[in-house]
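Topology and contacts: notes
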Amino acid sequence: MENKTSNRIIVIDALRGFALAGVCLVHMNEQYIASPPSESLMEVTNTIFDQILGGIIGFFIVGKFFALFSILFGLSFFIQMNSASKRNENFGLRFLWRAFLLLIIGYIHQLFYKGDILTIYALLAPFLIPFYRVSNKWILLVSGLFLISIPRFIAFAILGNESAFGHPSIMDGNSATNLAYIATLKEGSITEVLITNGTQGMLHKIDFQIGIFARFYMTFGYFLIGLWLGKISLFQNITEKRLLLRKWLKRASIFFLIALALTAGIFAISPQPVDFKSWLHVIGINIFDWSNIALTGIILCGFLLLYPNKKWIRFFSFFESYGRMALTNYVLQSIIGTFLLFGWGLGLIGKLQTVYLVIIAVVLIIIQSVISKFWLQKFYFGPLEWAWRSATKGKIQRFRK
């Protein structure tokens, strides 16, 4: 569905907002640590209800809504390149400049929350440019190589489960390094948190991205899927593509069940405890990621099938303005979340049960969505979107309506 006055495809805005809401739920549930929690930090969430609620979030949301967000980044790249091509412009150099600006925004965000993804998007973005003119079958092939995580096995063969920078394993929540980091979040000043996240935190994030968790490689695979979806014009007239979406939904559901069964079987026969020192552990987490990919596909197809329905469009359209201001809302929700939890703010980290963390996230999503709707009635862009667009184009863009 397209907004005739602005040529925006509003279902993309709604899907982006929906994905961002899932990201907010995950980050709040993880208390914006972006590290394995220590035993002491988990004591308050050890009730059965907390574990069930945390398990639901982990199974249905963790890794899936980030994937949607990444797919939409690749789709946005296609839309920008395609629009420039229709104007006989070469957007490649401007896109590189745009990515550099995103790197700066992302690094500022990183200072508050070391799990920032914008810096990773910015570093990967330039590699999208050569794929714009590549045929669809090659895009899918390369994407498949990244999504089945061939680079993960290479990384494990070289590093094992060790850090590329000599740090303790990122799986060890009770390592001296991780305990010191959590202590900084709980008790440190805002200056100490910003410095730690901007230095040591950045290295920890890179470890997570390039090691056995392979997030760096998979993110680029999702980018390519988004580019491919743009090239096949999936989001134009989605009501005409219902049969295709239903076919994809059925296949993704079958693949999801198979991947889950294989994951369970591999971890059942692998060495215990699971410390990712064995090839079986790495194969197991790799196939589990396939189940995440399949569930992401189920969510995407389900969203697009339900969106035109009158019973659902009112719910999904709630996320449209939220998604149009995704950059501003993403950064702002991290600043608000860390203020609520970290010691430089209200210091609630380790003191809230999962249910309260979820309630806070939902309230934050609702407030940001409502504010975004009213903001966009008076302004063309969110504040960060406007600054990013103005810097990209090299001139101040029209802001107030």
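Conventions adopted
- Residues numbered from 1 in each chain as written.
- Predicted model: local features only at pLDDT ≥ 70, side-chain atom pairs only at ≥ 80, totals over all residues.
- Heavy atoms only, no water.
- Core = buried A, V, L, I, M, F, W, Y, C linked by side-chain atoms within 4.5 Å.
- Buried < 20%, exposed > 50% of the residue type's maximum accessible area, 1.4 Å probe, protein only.
- Helix = DSSP H or I, 4+ residues; strand = E, 2+ residues; numbered from the N terminus.
- Contact = heavy atoms within 4.5 Å.
- Phe/Tyr/Trp six-rings, centres within 6.5 Å; stacked < 30°, edge-to-face > 60°.
- Lys NZ or Arg CZ within 6 Å of the ring centre and 35° of its normal.
- Salt bridge = Lys/Arg side-chain N within 4 Å of Asp/Glu carboxyl O.
- UniProt positions renumbered as here; feature names shortened; annotations may be inferred.
- Expected span 1.5 Å × (residues − 1).
- Arc of directions from axis to C-beta.
- Axes fitted to C-alpha atoms, helices over the stretch in contact; angles between N-to-C directions.
- Parallel < 35°, antiparallel > 145°, perpendicular 65-115°, else oblique.

An unreviewed UniProt entry lists the protein chain under the name DUF418 domain-containing protein, from Aquimarina litoralis.

**Re the nonpolar core**
Among the nonpolar cores identified, the biggest contains 99 residues, and Val11, Phe235, Phe303 and Leu304 are the most heavily contacted of them. Core analysis: the second largest hydrophobic core is formed by six residues, Phe156, Ile212, Phe276 and Val282 among them.

**Considering the environment of Leu53**
Take Leu53: it is sitting in helix H3 (residues 48–60). Classification of Leu53 by relative accessible area gives buried; the value is 18%. Leu53 sits 301 residues away from Thr354 along the chain, and the two C-alpha atoms are 7.0 Å apart. In contact with Leu53, other than residues within four places in its own chain, are Thr354, Val355 and Val358.

**A look at unusual backbone geometry**
With an omega dihedral of -5 degrees, the bond running from Gln272 to Pro273 counts as a cis peptide bond. Unusually for a residue other than glycine, Tyr32 sits at a positive phi of about 55 degrees. In this model, Ser149 sits at a positive phi of 65 degrees, which is unusual for a non-glycine residue. With respect to the helices, strands and loops of the structure, Ser149 is situated in the loop between helix H7 (136–147) and helix H8 (150–159).

**Side note on the packing of aromatic side chains**
By the definition in use, this model includes 43 aromatic pairs. For the pair Tyr307 and Phe316, a centre-to-centre distance of 6.5 Å together with 25 degrees between the ring planes defines the contact as stacked. A single burial state applies to Tyr307 and to Phe316, both of which are buried. Put simply, the rings of Phe18, Phe65, Phe303, Tyr307, Trp312, Phe315, Phe316, Phe318 and Phe319 pair up and form one aromatic cluster. Directly above the aromatic system of Phe59 lies the positively charged group of Lys64, at a separation of 5.9 Å from the ring centroid. Stacked on the ring of Phe66, the Lys or Arg Arg215 has its end atom at 4.3 Å from the ring centre.

**Things to note about the pattern of salt bridges**
Counted under the stated rule, the structure contains four salt bridges. Across the pair Arg16 and Asp13 runs a salt bridge, and its minimum N-O distance is 3.4 Å. Placement of the pair is Arg16 and Asp13 together in helix H1 (residues 10–29), with a separation of three residues, close to one helical turn. Comparing Arg16 with Asp13 shows no difference in burial state: the two are buried. Note that Lys205 is salt-bridged to Asp116, the shortest N-O span being 3.2 Å. Of this pair, Lys205 sits in helix H11 (residues 200–210) while Asp116 sits in the loop between helix H5 (92–112) and helix H6 (118–124), and the two are 89 residues apart along the sequence. Take Lys205 and Asp116: they sit in the same class, and that class is buried.

**Notes on the UniProt feature "domain: DUF418" (unreviewed entry) in the protein chain**
UniProt marks residues 230–395 with the feature "domain: DUF418" (unreviewed entry), using the numbering shown here. Between the first and last C-alpha atoms of residues 230–395 the distance is 28 Å; the span itself is 74% helix and 0% strand.

**A closer look at helix H13 (residues 242–269)**
Between its terminal C-alpha atoms H13 stretches 41 Å, which fits the 40 Å expected from 28 residues at 1.5 Å a residue. Restricting attention to buried positions, one finds in H13 the residues Leu245, Ala252, Phe256, Ala259, Thr263 and Ile266. If you follow the buried residues of H13, they end up packed against H3 and helix H14 (279–306).

**Focus on H3**
Between the first and last C-alpha of H3 there are 18 Å, a value that for 13 residues agrees with the 18 Å anticipated at 1.5 Å per step. Listed as buried for H3 are Asp50, Leu53 and Ile57. For H3, the arc enclosing every buried residue in end-on projection is 75 degrees, short of the 170-degree limit, so these residues lie on one face. Buried residues along H3 sit against H1 and helix H18 (354–378).

**Description of the packing of H11 against helix H12 (residues 215–231)**
Axis separation between H11 and H12 bottoms out at 5 Å; the angle between their running directions is 65 degrees. The pairing of H11 with H12 is recorded here as roughly perpendicular in orientation. Of the residues in H12, those touching H11 at Phe208, Gln209 and Ile210 are Arg215, Phe216 and Tyr217.

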